[in-house]
Amino acid sequence: MCSSDLIKGVRKAMAQAMVSSAFTAPHVTEWVQVDATRTVEFVERLRGRREFRDLKVSPLLVLARAVTLALRRTPIINSYWDDAAQEVVIRGGVNLGIAAATPRGLVVPNIKGADAMSMVELGSAIGDLVAVAREGRTQPADMAGGTFTITNVGVFGVDGGTPIINPGESAILCFGQIADRPWVVDGELAVRKVTTLTLSFDHRHIDGEAGSRFLADVAAILEDPATGLVF
């Protein structure tokens, strides 16, 4: 098979999956703007630690950790709708998908058991996942079994979007760019590092209260990473 055929195959599969998801799961989308200044500062501190010396540490790592912690508090987000049984199945662990743009098209490999990982382990797993995807070496097994996905459009300088849920999952979080914005802090106008988080979820079994609670929890950790200690 030539490379052009492979690219067409990947893009065709992606198109079919997205159409199926969009017209099967009734999507609801919510978003929130977040002052991520403390996350940016936290990332700088992590980069200075010996454990993270050989890793690429970015705000995506903090977001990934925030997602796994928030899913513990709202496990319905980490579930799927079993159409045959007409019931909701809550998953026992988090296989965290990271959407990656590659020459082959969009692929969504996932980190198996991300919720059981330390920050160092999670950072290493994200680095390996992205490197393999960019080299075009992502295997079907790497993309199977995902339970929740993060799509990082911020790397393209984009503020946000309305992502489509990956088939077999119930929610997807879009991470916008972190940019300097005017922000009110203690009644005073200041320049802060602000991002937008956008959550799309399956409204068949996830209501607005659960989606909002999950999104608020993720935002709270980005606003102050120490919040994760009490989750």
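To keep things clear, this report deals only with the structure shown in the data block. Here the structure is a predicted model, which is why all the values come from computation and not from measurement.

## Side note on the overall build of the protein chain
Item 1. In terms of regular secondary structure, the protein chain is built from six helices and 10 strands.
Item 2. In the protein chain, buried positions account for 42% of the 231 residues.
Item 3. Here the contacts in the protein chain between residues at least 6 apart in sequence split such that 63% fall between residues at least 24 apart.
Item 4. Summed over its atoms, the accessible surface of the protein chain is roughly 11,700 Å², and 55% of this surface lies on carbon and sulfur atoms.

## What to know about the packing of aromatic side chains
Item 1. On inspection of all chains with the given rule, the structure shows one aromatic pair.
Item 2. A cation over a ring is seen here: Arg73 above Phe231, with NZ or CZ 4.0 Å from the ring centre.

## Thoughts on the nonpolar core
Item 1. Within the largest apolar cluster, 43 residues are counted, with the highest numbers of intra-cluster contacts made by Leu63, Val67, Phe148 and Leu197.
Item 2. At the level of elements, helix H2 (37-47), helix H3 (59-73), strand E4 (96-102), helix H4 (119-134), strand E7 (148-152), strand E8 (171-175), strand E10 (188-202) and helix H6 (208-223) are the ones that each hand at least two residues to this core.
Item 3. Examining the composition of this core, we find that 10 residues originate from one element, H3, more than from any other.
Item 4. In contact with Leu63, other than residues within four places in its own chain, are Ile150, Leu173, Phe175, Leu197, Val218 and Leu222.

## So, the pairing of strand E2 (residues 79-82)
Item 1. Where E2 lies against strand E3 (residues 87-90), four bridges are found, and the strand directions are antiparallel. Bridge pairing in E3 links Tyr80 to Val89.
Item 2. Turn length for the E2-E3 hairpin, with the two strands adjacent in sequence and antiparallel, is four residues, and the turn residue Gln86 shows positive phi of about 55°.

## Describing the packing of H3 against H4
Item 1. Closest axis-to-axis distance for the H3/H4 pair is 10 Å, and the angle between their directions is 120°. With respect to their mutual orientation, H3 and H4 come out oblique. As H3 packs across H4, the resulting crossing turns out to be right-handed. For the pair formed by H3 and H4, the contact residues are Leu60, Leu61, Ala64 and Arg65 on the first element and Met119, Leu122, Gly123 and Ile126 on the second.
Item 2. The class makeup of the residues in the contact of H3 with H4 is six nonpolar, one polar and one charged.

Scoring rules and cut-offs
Residues numbered from 1 in each chain as written. Predicted model: local features only at pLDDT ≥ 70, side-chain atom pairs only at ≥ 80, totals over all residues. Heavy atoms only, no water. Helix = DSSP H or I, 4+ residues; strand = E, 2+ residues; numbered from the N terminus. Buried < 20%, exposed > 50% of the residue type's maximum accessible area, 1.4 Å probe, protein only. Contact = heavy atoms within 4.5 Å. Areas by Shrake-Rupley, 256 points an atom, 1.4 Å probe, with all protein chains shown as cover. Phe/Tyr/Trp six-rings, centres within 6.5 Å; stacked < 30°, edge-to-face > 60°. Lys NZ or Arg CZ within 6 Å of the ring centre and 35° of its normal. Core = buried A, V, L, I, M, F, W, Y, C linked by side-chain atoms within 4.5 Å. Pairing = 2+ DSSP bridges. Axes fitted to C-alpha atoms, helices over the stretch in contact; angles between N-to-C directions. Parallel < 35°, antiparallel > 145°, perpendicular 65-115°, else oblique. Left-handed = near helix turned anticlockwise from the far one by under 90°. Nonpolar A, V, L, I, M, F, W, Y, C, P; charged D, E, K, R; others polar.

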